[in-house]
Every structure is written in structure tokens, then in C-alpha cells.
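Structural overview
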Amino acid sequence: MIRKCLFPVAGYGTRFLPATKSMPKEMLPIVNKPLVQYGVEEAVEAGLDNVTFVTGRGKRAIADHFDISYELEHQIAGTSKEQYLEGIRYLINNVNFSFTRQNNMLGLGHAILTGEPLIGDEAFGVVLADDLCVGGEHDGVLAQMVKLYKQFRCSIVAIQEVPEDEVHKYGVIAGESMMEGLYRVTDMVEKPAKEDAPSNLAIIGRYILTPDIFDKIRETPPGANGEVQITDAILRQAQEGCVLAYKFKGRRFDCGSVDGFVEATNFVYENIYKAS
Ligand code: UTP
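Just so we're clear, the structure is a prediction, and the values are computed from it rather than from any experiment.

Analysis parameters
Residues numbered from 1 in each chain as written. Predicted model: local features only at pLDDT ≥ 70, side-chain atom pairs only at ≥ 80, totals over all residues. Heavy atoms only, no water. Near = heavy atom within 4 Å. Polar contact = N/O pair within 3.5 Å; in protein donor to acceptor, adjacent residues only side chain to side chain. Phe/Tyr/Trp six-rings, centres within 6.5 Å; stacked < 30°, edge-to-face > 60°. Helix = DSSP H or I, 4+ residues; strand = E, 2+ residues; numbered from the N terminus. Buried < 20%, exposed > 50% of the residue type's maximum accessible area, 1.4 Å probe, protein only.

Attention now goes to the site of the ligand. Near the ligand lie 17 residues; those nearest to it are Y12, T14, R15, K25 and Q102. A distance of 3.3 Å separates an oxygen atom of the ligand from a polar backbone atom of L106. Here an oxygen atom of the ligand and a backbone polar atom of G107 are 2.8 Å apart.

The next point concerns the packing of aromatic side chains. Counting across every chain of the model gives 9 aromatic pairs. A ring pair is formed by F53 and F99, whose centres lie 5.2 Å apart and whose planes are at 15°; its orientation type is stacked. Of this pair, F53 sits in strand β4 (residues 50–55) while F99 sits in strand β5 (residues 96–101), placing them 46 residues apart in sequence. A relative accessible area of 0% means that F53 is categorised as buried.

Moving on: unusual backbone geometry. With an omega of 5°, the peptide bond between L17 and P18 qualifies as cis. Within the secondary structure, P18 is located in the loop between β1 (4–8) and β2 (29–30). In this structure, R153 takes a positive phi of about 55° despite not being glycine. Here R153 is to be found in the loop between α7 (141–152) and β8 (155–161). Judged by relative accessible area, R153 falls into the partly exposed class, the value being 48%. Notably, K191 is not glycine yet its phi reads approximately 45°, a positive angle. Relative to the assigned elements, K191 resides in the loop between β10 (182–190) and β11 (201–209). For K191, a relative accessible area of 48% corresponds to the partly exposed category.

Written as C-alpha cells, this is what we have:
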């Protein structure tokens, strides 16, 4: 079964400068919890309790977050403030964390390939923590995808419908409908112009990938900007085998953009934080 989840967190987060000059984008808080913790909680809910981070320079705060802070623990031991650490303590005690570093930020495909030694020859989840996903009354998005993987045993990308004038920001799929909300991918285009987009079904930051993806990434030449796109490698998998695209149940916020970040903050404050 799927036990491992890869978090590529090496990107520069330039859209959040200057906040991300010396702080990882993934540590920006949505209300009182850093973005990356929401992602790890979603992975754990899906049964993925081996979490690997592909980090880079300036990202040490992520490793520190998922470790004990003895001084702080000592300071608040026995006070009511301990409750604030319950969630993160649970993760520290129940998740096996590992870290590797991407020395050159050569794109998401390259970041995923950097994780290969820690993933090995098994299917794994990928979470881009700047996409915050909430399942609402449904399971978390990754848990929904793990269920599908058990049935179909192939790579799966999460998709959502986006307005036509936003397709240029995403990888976009063409697919044959298999059942409500599930497509067999026939084509994928990275950041197409509106008129070239095969659909308005955009790939978001949740994937389940079978381990042959690593060879496909190695076979993928870098694009014009020198970055290795994961979309190209997944398209190869789709052409040679099968890749599914799943219209997940729930909501997703693009917290890599300021607008999405503010929207997520308001949503979490009203619907999760206040209710807890
Ligand atoms: P983004 O496209 O959001 O890039 O990467 P970014 O650098 O994080 O942010 P901006 O655009 O400069 O504001 C998508 C995901 O892929 C990871 C990022 O950390 C993010 O989670 N990534 C991207 C890497 O780990 N390595 C890379 O070389 C590129």
C-alpha cells in the first residue's frame, strides 16, 4: 500500500517576497498553523505516514517545525498553552520524517526525482503544500485519491475546473470520461494559452505517482527555462500506460498566490478555527 508522501518544498516562493526572503513559503501561517502542516495532516489522514521533504537552501525552519523544541516544551509544560502543541506533537510522534536537498531549483520534475532515493520502488503521494485542500464533509483529497489508487493501481492527478482565463497558470488535461469525476488522461499541456488549452480541467498540487515516473522524468528534457516539468513525465506515463485525472470533492486554495492565501485564511478562520 502507499505509505510514502513527497513534499517538494525547495521553490523560492517569489510571489511572496519579501515575506519569503528568509522564511520558507511553506511556513507562512494560515491562521495559526503553517501551510505545510495542513499538507502533512492531509497525508497522515490518507495513511501516508512516511513523509519526505525535498528542501533547499533557507528551508531549515521546516525541519525544525517537525522536531521537538525542548526549551519551548519545558517553558509551557503543565500550562494551558500545551494544547496549542497537541497537533504538531501528534505528527512528531507518529510520522517518520526524512529530508533531502535539491541543490539547484530545476523545476518540480527535478525536485521529485531528487526524492527518488528516499522513495524507492513504490507508489507514493506528492503534496504541493502551497495548495491547501479541504475535503469538508468528505475525506481529505489525498485520502480520496488513495482509495482510487487501490482500485486502479496507476498514477492519478487531482484536477479542478478553472475559468478559461486562468488555464495558462496550470497543467491542463484532455481525457476520456470513465465515470463521474474520473478521466483517463489522453493529453496534458503545461500552462497553455486559452486558445490552445484542451479543456479547463487543471492539475492541482496532489498526485499519486507510480515509481516508473522516475525513469520518465530522467527521459524528459528540460523546457525552455531549464526546468524539468512533471507534466511532461506524467504525459509519457499516460501515453505508455494509464494515468487518471480525478475531480476531487472539496475545496482547494492556491496559497502560492496572495489572493488565494487571503481567501484560505478567511475560510479557515470562519470554518475551522472558530469552530474548533
Ligand atoms: P511554484 O511554481 O509554486 O514555485 O512551485 P515557487 O518557487 O514555490 O513559487 P513562486 O512561483 O516563485 O512564487 C510549485 C511547487 O514545487 C516546488 C515548490 O516548492 C512548490 O511547492 N518546487 C518548485 C521545488 O521543490 N523545486 C523546484 O525547483 C521548483
